[in-house]
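Architecture and fold: a report
Here is what each chain is made of, one letter per residue.
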Amino acid sequence: MPGTFTISLDFELLWGIFDKVGTRYKPSYFSNTRRIIPEMLDLFSSNQIQVTWATVGMLFAENEEEWKAYSPAFLPSYREKKYSAYHWAKENGIRPEVHFAPELIQQIIQTPYQELGSHSYAHYYTLMRGQSPEQFREDLQASQRIAGDKFGVRLKSLVFPRNHLNELYLDICKEEGFDFVRGNPKNWFWQETQHEDQSKKWFRSADCFFPVGSRTSYSLESVHYSSKDPIIIPASRILRPYSNGNLLFNSVRLGRILSEMEKAAQMGEVYHLWWHPHNFGNNPSDCMVELRKILTHFKRMKETYGMESLNMENLGMRVKERVAKVEIPLS
């Protein structure tokens, strides 16, 4: 079986980092992000690269009125209000350039090989204290409602914000139409990401340059399938952004990704790369150069080993097909 190259992107703009940066962000960071997304889409399309765009539902709105209309009645009751997008907006106001992006979502839908997925409606944290399963359900329902009403899309793939994968909520995901969920890498420093101690951060950073955990790619057979829960498609690696003035840092980091891709292609395994589009906001040109190198490398892996590009939905369907073949009774 050939190897698989999967890309998923967490598309969120300010909704993804409001609790970290507040109003202290450079406007150019997000204007660069908005400008670079159509370039990414053109690059993916021209190279026939399948990508899942896990998008915060609030970005679907045209304006504040529409944003409020689609927001659920039962809002997340985090113990720490700073984690609530609704509380932040009430305190700081809405800025359309960093909070809404329906025109970019339309471009994603219209671009070949792209899947529109969900990153919850309000960048919902399922592992934070105070929130409830029913609040999460209403959040997912809001995402499906605005996607269906505005773009005629039923979302099938979900990425939990901050990688807070709450296994107790998986049945809710399935019941609300999400058949595929991105999982975390299996290494210990990617588990329970709500507890961000320094050791986990250090090991995650170090692993970008040299192996400190287990192999990042995995076989399709290792992806578990259950009719009751979504298929969890583990991530392999985050593409960290280009760093100014540090050529060695950038070279080693990119080289690690390319070598992992090649290992996955050789072994017929899945390599799942992810990042946030806004990660390209500080050095968009240099980041795009690196992305082109990655896609050029994929082309070589495809020509040499037959590696395929599959988004989360299509990779999940491949898992279902494999299980179906195994379960066919012999006559």
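The structure contained in this document is the topic of the report that follows.

Regarding the overall build of the protein
Scanning the protein from N- to C-terminus turns up twelve helices and nine strands. A total of 331 residues make up the protein; the buried ones form 56% of that total. When contacts within the protein are restricted to residue pairs at least 6 apart in sequence, those whose partners lie at least 24 apart make up 79%. Accessible surface, the protein: about 14,600 Å² in total, of which carbon and sulfur atoms supply 50%.

Topic: empty space enclosed by the protein
Over the atoms, a rolling probe the size of a water molecule traces out where space has been left empty. A full pass over the atoms with the stated rule returns two cavities of 30 Å³ or more. Here the second largest cavity is characterised by a volume of approximately 50 Å³. Classifying every residue of the lining of the second largest cavity gives four nonpolar, two polar and three charged.

So, helix α11 (residues 284–305)
In a regular helix each residue adds 1.5 Å, so 22 residues correspond to 32 Å; α11 covers 31 Å between its end C-alpha atoms and thus fits that length. By the burial criterion, the buried members of α11 are P284, C287, M288, E290, L291, I294, L295, H297, F298 and M301. Among the structural elements, β1 (4–11), α2 (27–46), α10 (247–267), β8 (270–275) and β9 (308–309) are those in contact with the buried residues of α11. Looking one or two places after α11, you find G306, whose phi comes out positive at around 80 degrees.

Concerning the pairing of strand β5 (residues 180–183)
Residues F180 and R182 line one face of β5 and the alternating positions V181 and G183 line the opposite face, and both faces are buried. As judged from the two bridges shared by strand β4 (residues 157–158) and β5, these two strands associate in the parallel manner. What sits directly across from S157, in β5, is F180. The handedness of the β4 to β5 crossover, carried by helix α8 (residues 170–175), is right-handed. Bridging between β5 and strand β6 (residues 231–234) involves four bridges; their strand directions are parallel. In the sheet register, V181 faces β6, and the bridge partner there is I232.

As for the pairing of strand β2 (residues 51–55)
Burial analysis of β2 places five of its five residues in the buried class, which makes it a mostly covered element. Residues V51, W53 and T55 line one face of β2 and the alternating positions T52 and A54 line the opposite face, and both faces are buried. Relative to β2, β1 runs parallel, the two being bridged by five bridges. Its bridge partner being in β2, F11 is matched across the sheet by T55. Relative to strand β3 (residues 114–118), β2 runs parallel, the two being bridged by five bridges. Directly across from W53, in β3, lies its bridge partner L116.

Some remarks on the packing of aromatic side chains
In the structure shown here, the tally under the stated rule is 17 aromatic pairs. Judged by centre distance (6.4 Å) and plane angle (80 degrees), the rings of Y78 and Y83 are edge-to-face. Note on Y83: relative accessible area 16%, which makes it buried. Through pairs of rings, three or more aromatic residues link up here, namely Y78, Y83, Y124, Y125, F136, F160 and Y169. A cation over a ring is seen here: R182 above W274, with NZ or CZ 4.3 Å from the ring centre.

Side note on the pattern of salt bridges
Two side chains with opposite charge may pair up if their charged atoms get near one another. Under the definition given, this model contains 19 salt bridges. One salt bridge connects R256 with E260, and the closest N-O pair in it is separated by 3.3 Å. Remark: E260 and R256 occur in helix α10; sequence separation between them is four residues, near one turn of the helix. R256 sits in the buried class, given a relative accessible area of 11%. According to the relative accessible area criterion, E260 is buried, its value standing at 8%. Overlapping salt bridges bring together E134, R137, E175 and E176 as one network.

Quick notes on unusual backbone geometry
Backbone geometry places L13, a non-glycine residue, at a positive phi of 50 degrees. Relative to the elements of secondary structure, L13 occurs in the loop between β1 and α1 (18–21). One non-glycine residue, S120, lies in the positive phi region at around 75 degrees. Tracing the sequence through the fold places S120 in the loop between β3 and α7 (133–151).

Quick word on the packing of α2 against helix α6 (residues 102–110)
Contact pair α2 / α6: the axes reach a minimum separation of 10 Å and the direction vectors enclose 5 degrees. If you check the angle between α2 and α6, you find them roughly parallel. On α6, the residues touching R34, I37, P38 and L41 of α2 are E103, L104, Q107 and I108. Split by residue class, the contact of α2 with α6 holds five nonpolar, one polar and two charged.

How each quantity is defined
Residue positions within a chain follow its written sequence, with the count starting from 1. Confidence filtering applies because this is a predicted model: local features only for residues at pLDDT of at least 70, side-chain atom pairs given and counted only at 80 or more, and all residues used for totals across whole chains, interfaces and linings. Only heavy atoms go into the side-chain values, all of them from the structure, while hydrogens and water stay out. Runs of H or I in DSSP of at least four residues are treated as helices and runs of E of at least two as strands, each being numbered from the N terminus. Partly exposed describes any residue whose relative accessible area lies between the buried limit of under 20% and the exposed limit of over 50%, with all areas from a 1.4 Å probe on protein chains only and scaled to the type maximum. Throughout, a residue-residue contact means that at least one pair of heavy atoms, one from each residue, lies within 4.5 Å. Residue burial considers only the protein chains on display, and all accessible areas are found by Shrake-Rupley using a 1.4 Å probe. Residues are said to line a cavity or pocket when one of their atoms sits within 4 Å of a point; the points come from a 1 Å grid over protein atoms alone, cavities being sets where a 1.4 Å probe fits but cannot get out and pockets being open sets with protein on both sides within 12 Å along at least five of seven lines. Grid points are joined across faces, edges and corners, and a volume is the space filled by probe spheres set on the points. Note on residue categories: nonpolar means Ala, Val, Leu, Ile, Met, Phe, Trp, Tyr, Cys or Pro, charged means Asp, Glu, Lys or Arg, and polar means any other residue, Gly included. Multiplying 1.5 Å by the helix residue count minus one yields the expected span of that helix. Note on pairing: DSSP must find at least two bridges between two strands before they are called paired. We call a crossover right-handed when, viewed with the strands running away from us, the connection from the first strand over the helix to the second turns clockwise. Any Phe, Tyr or Trp ring, taking Trp's six-membered ring, that has another such ring centre within 6.5 Å forms a pair; planes under 30 degrees apart are called stacked, those over 60 apart edge-to-face, and the others tilted. Comment: the charge-over-ring label is applied if NZ (Lys) or CZ (Arg) is within 6 Å of the ring centre and within 35 degrees of the ring normal. A pairing counts as a salt bridge when a side-chain nitrogen of Lys or Arg comes within 4 Å of a carboxyl oxygen of Asp or Glu. Axes here refer to lines fitted to C-alpha atoms; in helices the fit is confined to the stretch in contact. Angles between the N-to-C directions go from 0 to 180 degrees. Each angle receives one of four descriptions, namely roughly parallel if under 35 degrees, roughly antiparallel if over 145, roughly perpendicular if within 65 to 115, and oblique otherwise.

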